[in-house]
Amino acid sequence: QVQLVESGGDLVQPGGSLRLSCAASGIPFWLTTMGWYRQAPGKEREVVAHITGSDSRNYADFVKGRFTISRDNAKNTVYLQMNSLKPEDTAVYYCNIYPRAMAYWGKGTLVTVSS
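First, a word on what this report is: a plain description of the structure on this page. For every chain, the first residue of the written sequence is number 1, and numbering continues from 1 onward in sequence order. Given that this is a predicted model, residues contribute local features only at a pLDDT of at least 70 and side-chain atom pairs are listed and counted only at 80 or more, while totals for whole chains, interfaces and linings are drawn from all residues. Excluding hydrogens and water, the side-chain figures rest on all heavy atoms present in the structure.

1. So, the sheet that holds strand 2 (residues 11-12)
- Each pair of strands is called paired provided DSSP finds at least two bridges between the two strands. Strands are runs of DSSP state E lasting at least two residues, helices are runs of H or I lasting at least four, and both sets are numbered from the N terminus onward. Across the sheet, which stays open at both edges, the six strands sit in the order 2-10-9-4-5-6 with mixed pairing between neighbours. Edge positions in the sheet fall to strand 2 and strand 6 (57-59), since each has one partner strand and no second.

2. Digging into the environment of Asp72
- Note on placement: Asp72 falls in strand 7 (residues 67-72).
- Residue Asp72 is classed as partly exposed on the basis of its relative accessible area of 23%.
- The sequence separation of Asp72 and Gln13 amounts to 59 residues, and the corresponding C-alpha distance is 28 Å.
- If sequence neighbours within four positions are ignored, Asp72 has contacts with Phe29, Thr77 and Tyr79.
- Each polar contact in these results corresponds to two N or O atoms within 3.5 Å; when the atoms are within protein, one needs to be able to donate a hydrogen and the other to accept it, and residues that are neighboring in sequence are counted only if both atoms are side-chain atoms. Of note is the side chain of Asp72, whose polar atom sits 3.0 Å from the backbone nitrogen of Ala74. Buried means the residue's accessible area, taken with a 1.4 Å probe over protein chains only, is under 20% of the maximum for its type, while exposed means over 50%, and partly exposed covers the values in between. Pairs of residues are marked as contacts when any of their non-hydrogen atoms sit within 4.5 Å.

3. Focus on the pairing of strand 10 (residues 109-113)
- Covered by surrounding structure in strand 10 are Thr109, Val111 and Val113 only, the residues Leu110 and Thr112 on the alternate face being uncovered.
- Sheet topology note: the strand 2/strand 10 ladder contains two bridges and is parallel. Note on strand 10: the bridge partner recorded for Val12 is Val113.
- For strand 9 (residues 91-97) and strand 10, the ladder comprises three bridges, and the chain directions are antiparallel. Across the sheet, the residue bridging to Tyr93 is Thr109, located in strand 10.

4. Some details on the state of the cysteines
- Whenever a pair of cysteine sulfur atoms sits within 2.5 Å, that pair is classed as a disulfide. This model, assessed by the stated rule, comprises one disulfide.
- Note that Cys22 is cross-linked by a disulfide to Cys95, the S-S spacing being 1.7 Å. Taken together, the residues span a long stretch of sequence, with Cys22 in strand 3 (residues 18-25) and Cys95 in strand 9 at a distance of 73 residues.
- The buried category is assigned to Cys95, whose relative accessible area is 0%.

5. Brief notes about the packing of aromatic side chains
- For Phe, Tyr and Trp, rings pair up if their centres lie within 6.5 Å, where Trp contributes its six-membered ring, and each pair is then called stacked (planes under 30 degrees apart), edge-to-face (over 60) or tilted (otherwise). Across all of its chains, the model carries two aromatic pairs by this definition.
- Pairing Tyr37 with Trp105 gives two aromatic rings, centres 5.1 Å apart and planes at 85°, and the pair type is edge-to-face. Note that Tyr37 is positioned in strand 4 (residues 34-39) and Trp105 in the loop between strand 9 and strand 10, a separation of 68 residues in sequence.
- Here the aromatic rings of Tyr94 and Trp105 are separated by 5.7 Å at their centres, their planes lie at 80°, and the arrangement is edge-to-face. Taken together, the positions of Tyr94 in strand 9 and Trp105 in the loop between strand 9 and strand 10 put the pair eleven residues apart, joining distant regions of the chain.
- Each residue in the set Tyr37, Tyr94 and Trp105 is aromatic and connected to the rest through ring pairs, giving one cluster.
- The criterion for a charge sitting over a ring is simple: Lys NZ or Arg CZ within 6 Å of the ring centre, and within 35 degrees of the ring normal. The positively charged end of Arg19 is found above the aromatic ring belonging to Tyr79, 4.0 Å away from the centroid.
- The residue whose ring lies beneath Arg71 is Phe29, and the NZ or CZ to ring-centre distance is 4.4 Å.

Right, dumping it as structure tokens:
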């Protein structure tokens, strides 16, 4: 049974940092390209970053230089370090496989950037 559990979201001031985690189970994690996605209120879900099983990483232009994706295959966990946060980063953040996300989504974790 597939399970994705995101955590680490919080209310943070502009310019602040957060580290998100996503624990995955029920998939061959070490072989799977994992992505972080986000959905802001009233907007479509979008890809933030993705990382292959061999640690090749790619980022959306709007987070390049600010966010870092990483993974720990021993823990079946993917991380998203977010620095220099902006109000427009406010969204619910999800992890899923990439590029073709599963129909199943976890509950996500809410990041709110506000003063």
